[in-house]
Amino acid sequence: MIILGIETSCDECSIALVEDGKKILSHVIATQIPFHAPFDGVVPEIASRKHVEWIRGVYKKAIFESGLTSSAIDGIAVTNRPGLSGSLIVGLTFAKALSMALEKPFIGIDHVLAHLYAPQLEFSIGYPYLGLLVSGGHSLICRVNSHDKVETLGASIDDAVGEAFDKVAKHLGLGYPGGKAIDQLARKGNPRAYLFPKANLYKGDHPYDFSFSGIKNAVVNQKDQFWDQTSDQSVQNICASFEKVAVDTLLKKVLKAAVETGIHRIVAGGGVAANTYLRNTLSALDDYETYYPSYSLCTDNGAMIAGLGYHYLIRGVESPLSETVYPRVPGFRKAYP
Ligand code: KG4
Ligand code: ZN
């Protein structure tokens with residue numbers, strides 16, 4: 001069964017063709033980063049307008065690269081929650097038009113569930129697993145019981161970890177988005193040069209929650225008040241020290257969840273799962289089965305949407321033409337969705 005997946009929830013315009021929820025036949029990701037970088041963040045108005053301009057070309061490229069024709073498409077999967085409403089509407093409207101033109105079903109897909117599914121495109125991972133979803137919009141530890149039965153164990157009470165990477169990078173003048181730049185500079189720095197405080201939230205009903213705003217502010221203060229003008233290693237050292245404390249915070253909580261739930265399978269997804277220190281540390285955990293996707297499947301992409309969409313469409317689950325977008329998905333604390 002060949003599913004066309006559409007992802008336009010933020011600033012990537014991506015379409016992929018995936019067979020049987022696993023095999024990527026083509027995958028096009030058109031990034032809008034150069035258009036948003038001058039503003040140090042995603043400008044929703046620009047994002048939705050670029051999606052309108054690009055989506056047909058991205059679709060045609062994805063079809064061309066698959067070597068197939070549109071008649072090979074058995075169904076369409078499209079992100080319809082959560083995300084920027086204008087951007088989501090462009091993808092959803094395109095999916096509806098395609099669904100009517102090809103007379104094939106379409107299904108609205110949850111972006112968070114798709115990130116948690118992404119590693120399944122490359123590995124066969126048994127359920128349940130602990131999903132560590134770390135991106136610009138989310139920091140979650142989930143118990144993933146199946147592709148659509150996910151329970152949130154912990155979440156950030158303030159900034160998402162990717163947001164903290166981006167804000168620190170902005171303050172250091174590294175541009176937007178800054179996660180990759182911090183990663184690259186951190187490789188040349190000393191992670192023990194600065195001791196930034198770790199937020200340990202262990203009290204109350206949510207022992208797996210994180211907080212990243214304190215770490216972010218500590219880095220910003222370090223730069224503003226104690227900037228070591230004499231050392232040309234300062235930026236590298238700040239990046240390495242910040243990266244270490246942010247990633248160690250994630251790992252400490254996910255390992256606590258692993259011990260307490262007895263689930264020793266840990267799967268990372270989302271843009272921050274591209275981080276070198278996070279990937280190396282996960283790989284070195286001998287007593288655990290750990291997975292993280294290839295770089296192109298960490299950040300926003302259409303393949304994860306098509307892959308997850310297959311599991312609904314194969315069972316005949318489809319969306320009505322009246323389907324709409326949901327910029328926010330409430331109830332992370334409850335079983336998700
Ligand atoms: O999943 P994603 O593409 O979009 C959201 O759904 O948010 O994640 C984007 C986030 C950005 O905050 C970006 O700075 C971060 O992922 N990121 C990284 C790295 N590559 C991307 N953070 C740390 N290290 C990286 N190598
Ligand atoms: Zn994402």
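Since the model is a prediction, treat every value here as computed from it, not as a measurement.

1. Focus: the sheet that holds strand 5 (residues 106–110)
Across the sheet, which stays open at both edges, the five strands sit in the order 3-2-1-4-5 with mixed pairing between neighbours. The outermost strands of the open sheet, each flanked by one partner alone, are strand 3 (23–31) and strand 5. Each strand axis lies, on average, 20° off the axis of its neighbour in the sheet, ignoring direction. Here strand 4 (residues 75–81) pairs with strand 5 via five bridges, running parallel.

2. Examining the pairing of strand 5
Counting buried residues in strand 5 gives five out of five residues, a clear majority hidden from the surface. Judged by which residues are buried, strand 5 turns out to be covered on both faces: Phe-106, Gly-108 and Asp-110 on one side and Ile-107 and Ile-109 on the other are all buried. For the handedness criterion, the β-α-β arrangement of strand 4, helix 3 (residues 85–102) and strand 5 is classed as right-handed.

3. A word on unusual backbone geometry
Residue Tyr-127 is joined to Pro-128 through a cis peptide bond whose omega torsion reads -5°. With respect to the helices, strands and loops of the structure, Pro-128 is situated in the loop between helix 4 (111–117) and strand 6 (129–134). The residue after Tyr-176, namely Pro-177, is reached through a cis peptide bond having omega -15°. The residue Pro-177 is located in the loop between helix 5 (161–171) and helix 6 (179–186) in this model. In this structure, Asp-20 takes a positive phi of about 50° despite not being glycine. Locating Asp-20 in the fold gives a position in the loop between strand 2 (12–19) and strand 3. Positive phi, normally seen in glycine, also occurs at Glu-103, with a value near 55°.

4. A look at the site of ligand 1
Surveying the vicinity of ligand 1 reveals 20 residues, the closest of which are Gly-136, Asp-166, Gly-179, Asp-183 and Gly-271. The separation between a nitrogen atom of ligand 1 and a polar side-chain atom of Asp-183 is 2.9 Å. The fraction of the free accessible surface of ligand 1 (560 Å²) that becomes covered by protein chains is 87%. When residues of the shell around ligand 1 are assigned to domains, at least three fall in each of domain 1 (2–116 + 298–335) and domain 2 (126–292).

5. Comments concerning the side chain of Lys-244
The residue Lys-244 is located in helix 8 (residues 234–261) in this model. Excluding its chain neighbours within four sequence positions, the residues that come into contact with Lys-244 are Pro-191, Arg-192 and Tyr-277.

6. Considerations on the environment of Ala-62
Position of Ala-62 relative to the elements: it lies in helix 2 (residues 44–66). Separated by 200 residues in the primary sequence, Ala-62 and Gly-262 have C-alpha atoms spaced 41 Å apart.

7. Some details on the coordination of the zinc ion (ligand 2)
Of the protein atoms, only His-111 (NE2), His-115 (NE2) and Asp-300 (OD) coordinate the zinc ion (ligand 2), at distances of 2.0 to 2.2 Å. Coordination at the zinc ion (ligand 2) is irregular: its four donor atoms span angles of 94 to 144° at the metal. If you list the donors of the zinc ion (ligand 2) from N- to C-terminus, the spacing comes out as H-x3-H-x184-D. One end of the pair, His-111, is in helix 4; the other, Asp-300, is in the loop between helix 10 (295–298) and helix 11 (302–313), with 189 residues separating them in the sequence. No difference in accessibility class separates His-111 from Asp-300, as the two residues are buried.

Rules behind the numbers
- Residues numbered from 1 in each chain as written.
- Chains lettered and ligands numbered in written order.
- Predicted model: local features only at pLDDT ≥ 70, side-chain atom pairs only at ≥ 80, totals over all residues.
- Heavy atoms only, no water.
- Pairing = 2+ DSSP bridges.
- Helix = DSSP H or I, 4+ residues; strand = E, 2+ residues; numbered from the N terminus.
- Axes fitted to C-alpha atoms, helices over the stretch in contact; angles between N-to-C directions.
- Buried < 20%, exposed > 50% of the residue type's maximum accessible area, 1.4 Å probe, protein only.
- Right-handed = clockwise from strand over helix to strand, strands pointing away.
- Near = heavy atom within 4 Å.
- Polar contact = N/O pair within 3.5 Å; in protein donor to acceptor, adjacent residues only side chain to side chain.
- Areas by Shrake-Rupley, 256 points an atom, 1.4 Å probe, with all protein chains shown as cover.
- Domains from an automatic or database assignment.
- Contact = heavy atoms within 4.5 Å.
- Donors = N, O, S within 2.8 Å, 3.2 Å for Na, K, Ca; no water.
- Tetrahedral: all angles 85-135°; square planar, octahedral: opposite > 155°, others 65-115°.

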